[in-house]
Amino acid sequence: VQLQASGGGLVQAGGSLRLSCAASGSGRTFSNYAMGWFRQAPGKEREFVAAISWSGGNTAYADSVEGRFTISRDNAKNTVYLQMNSLKPEDTAVYYCAAKLTPWDVVAGIVTPDYWGRGTLVTVSS
């Protein structure tokens, strides 16, 4: 499956951005995949940000973004979103979406995705 992330850009601290990740090319339906967002800041390792199960009924967030970021998905559009509010300079990173094929409606396993998308850069200025 191919994942294409978009929506990154430059924003001031306190501002908002919405990232999108469109999936294509899989013989399986989009709703067979748990989806997630990860990020990698300069000089740091890639880290988990958020995940969502097939149905959208189960979500998980890193402590650093809980309450500020919201992950959602539209299975009819094969797209997952990350709404980022109250952005901080430390949120600056390349953001990647990821997909995990799973037979269950859970987020577990997303930390070892089957597919990665190309990243989109988010820069938060102070």
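Structure first, text after, so check above.
Note that the structure is a prediction, hence the values are computed from the model and not measured.

A. Seen up close, the overall build of the chain. Of regular secondary structure, the chain possesses zero helices and eleven strands. N-terminal to C-terminal, the α/β element order of the chain is β-β-β-β-β-β-β-β-β-β-β. Relative to the globule expectation of 14 Å for 126 residues, the C-alpha radius of gyration of the chain, 14 Å, shows essentially globular dimensions. Projected onto its principal axes, the C-alpha coordinates of the chain cover approximately 45 × 25 × 25 Å. Of all 126 residues assigned to the chain, the portion counted as buried reaches 43%. Of the contacts formed within the chain by residues at least 6 apart in sequence, a portion of 58% connects residues at least 24 apart. When the accessible surface of the chain is totalled, it reaches about 6300 Å², and 48% of it is carbon and sulfur.

B. Molecular detail of the sheet that holds strand 3 (residues 17-24). With respect to topology, four strands assemble into an open sheet ordered 1-3-8-7, the strand pairing being antiparallel. Taken across any chain shown, the strands that pair with only one partner, and hence form the sheet edges, are strand 1 (2-6) and strand 7 (69-74). The sheet shows a mean angle of 15° between the axes of neighbouring strands, taken without regard to direction. Here strand 7 pairs with strand 8 (residues 79-84) via six bridges, running antiparallel. If you follow Phe 69 over to strand 8, its bridge partner there is Met 84.

C. Structural view of the pattern of salt bridges. Applying the stated criterion across every chain yields a total of four salt bridges. Taking the shortest distance from any N to any O, the salt bridge between Asp 91 and Arg 39 comes out at 2.9 Å. One end of the pair, Asp 91, is in the loop between strand 8 and strand 9 (93-101); the other, Arg 39, is in strand 4 (residues 33-40), and 52 residues separate them in sequence. Note that Lys 100 and Asp 114 form a salt bridge whose closest N and O atoms lie 3.9 Å from each other. One end of the pair, Lys 100, is in strand 9; the other, Asp 114, is in the loop between strand 9 and strand 10 (115-116), and 14 residues separate them in sequence. Assessed through its relative accessible area of 17%, Lys 100 is described here as buried. Overall, Asp 114 belongs to the partly exposed group, its relative accessible area being 40%.

D. Expanded view of the side chain of Thr 102. Structurally, the position occupied by Thr 102 is in the loop between strand 9 and strand 10. The buried category is assigned to Thr 102, whose relative accessible area is 8%. Every residue in contact with Thr 102, bar those within four places of it in the chain, is listed here: Asn 32, Ala 34 and Trp 54.

Scoring rules and cut-offs
- Residues numbered from 1 in each chain as written.
- Predicted model: local features only at pLDDT ≥ 70, side-chain atom pairs only at ≥ 80, totals over all residues.
- Heavy atoms only, no water.
- Helix = DSSP H or I, 4+ residues; strand = E, 2+ residues; numbered from the N terminus.
- Rg over C-alpha atoms; globule rule 2.2 N^0.38 Å.
- Buried < 20%, exposed > 50% of the residue type's maximum accessible area, 1.4 Å probe, protein only.
- Contact = heavy atoms within 4.5 Å.
- Areas by Shrake-Rupley, 256 points an atom, 1.4 Å probe, with all protein chains shown as cover.
- Pairing = 2+ DSSP bridges.
- Axes fitted to C-alpha atoms, helices over the stretch in contact; angles between N-to-C directions.
- Salt bridge = Lys/Arg side-chain N within 4 Å of Asp/Glu carboxyl O.

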